[in-house]
Amino acid sequence: MFARRLAQLSTRTAVAPSRLVRGGHGAPQFNEPGGYLFGRKPGEKYEKEGWEVIWIGGFTIAFGLIAAGAIYKPDTRIRTWARQEAEKQMREEGDTLGYKTTAYKA
């Protein structure tokens, strides 16, 4: 009894399937192709909008600053620090940092 009443209140049974609109947007919006790239005819001069120059300039400056920061960042790797500390300790103890090479005899 309860299940039948619940089924009657369901929207799928209350509305005919032909009238049921899924998504609620109606027909899909579609722009017919005009045959031109970005909707401009060949030879037509493009006029920049006011924000485009500021936008492109800002991105160029930001990219330059990030690139410079990445190139000139300090070397903070643990391996570099450990090597410098080891070299300093070897100098203090009087050890040599280089290896003596011998002539190779075949």
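Scroll up to find the structure.
Here is a short report on the structure shown in this document. Because the structure is predicted, anything quoted here is derived from the model rather than measured.

Analysis parameters
- Residues numbered from 1 in each chain as written.
- Predicted model: local features only at pLDDT ≥ 70, side-chain atom pairs only at ≥ 80, totals over all residues.
- Heavy atoms only, no water.
- Helix = DSSP H or I, 4+ residues; strand = E, 2+ residues; numbered from the N terminus.
- Buried < 20%, exposed > 50% of the residue type's maximum accessible area, 1.4 Å probe, protein only.
- Areas by Shrake-Rupley, 256 points an atom, 1.4 Å probe, with all protein chains shown as cover.
- Expected span 1.5 Å × (residues − 1).
- Patch = residues over 30% accessible without salt bridge, like charges linked within 9 Å, V, L, I, M, F, W, Y side chains within 5 Å.
- Salt bridge = Lys/Arg side-chain N within 4 Å of Asp/Glu carboxyl O.
- 1 Å grid on protein atoms, 1.4 Å probe; cavity = no way out; pocket = protein on both sides within 12 Å on 5 of 7 lines; lining within 4 Å.
- Points joined across faces, edges and corners; volume = space filled by probe spheres on them.
- Nonpolar A, V, L, I, M, F, W, Y, C, P; charged D, E, K, R; others polar.
- Phe/Tyr/Trp six-rings, centres within 6.5 Å; stacked < 30°, edge-to-face > 60°.

### What about the overall build of the protein?
If you tally the helices and strands in the protein, you get four helices and zero strands. For the protein, the succession of helices and strands along the chain, N to C, is α-α-α-α. Looking at the protein as a whole, 1% of its 106 residues are labelled buried. Of the roughly 11300 Å² of accessible surface on the protein, a fraction of 60% belongs to carbon and sulfur atoms.

### Remarks on helix 3 (residues 50-71)
Over its 22 residues, helix 3 extends 33 Å from the first C-alpha to the last, a length consistent with the 32 Å expected when each residue adds 1.5 Å. By the criterion of burial, helix 3 is predominantly exposed, with just one of the 22 residues buried.

### Concerning a nonpolar patch on the surface
Nonpolar side chains collect at one region of the surface, where Trp51, Trp55, Ile56 and Phe59 lie side by side and expose about 510 Å² of accessible area between them. Here Trp51 is to be found in helix 3. On the basis of relative accessibility, which here comes to 49%, the residue Trp51 falls in the partly exposed class.

### So, the pattern of salt bridges
For the structure on display, the rule yields four salt bridges. Notably, a salt bridge pairs Arg77 with Asp75, separated by 3.0 Å at the nearest N-O pair. One salt bridge in this structure joins Lys88 and Glu85, with 3.8 Å as the shortest N-O distance. In this pair, Lys88 and Glu85 are both assigned in helix 4 (residues 78-93), three residues apart and thus about one turn of the helix distant. Of the residues examined, Glu85 reaches a relative accessible area of 26% and is grouped as partly exposed.

### Structural notes on the layout of surface pockets
Over the atoms a probe the size of a water molecule is rolled, and this reveals where empty space is left. If you add up the space inside the largest pocket, you get close to 150 Å³. Lining the largest pocket, in full, are Arg83, Ala86, Glu87, Met90, Thr96, Leu97, Gly98 and Tyr99. Looking at the lining of the largest pocket residue by residue, the class counts come to four nonpolar, two polar and two charged.

### Thoughts on the packing of aromatic side chains
Centre-to-centre distance and the angle between the planes together describe a pair of aromatic rings. Summed over all chains, the structure comprises two aromatic pairs. Judged by centre distance (6.3 Å) and plane angle (90°), the rings of Trp51 and Trp55 are edge-to-face. One end of the pair, Trp51, and the other, Trp55, are both in helix 3, four residues apart, so they sit about a helical turn from each other. Its relative accessible area of 52% is what places Trp55 among the exposed residues. With a centroid separation of 5.2 Å and 55° between ring planes, the pair formed by Trp55 and Phe59 is classed as tilted. Residue Trp55 and its partner Phe59 are located together in helix 3, separated by four residues, close to a single helical turn. Accessibility expressed as a relative area gives 52% for Phe59, which makes it exposed. Of the aromatic side chains, those joined through ring pairs into one cluster are Trp51, Trp55 and Phe59.

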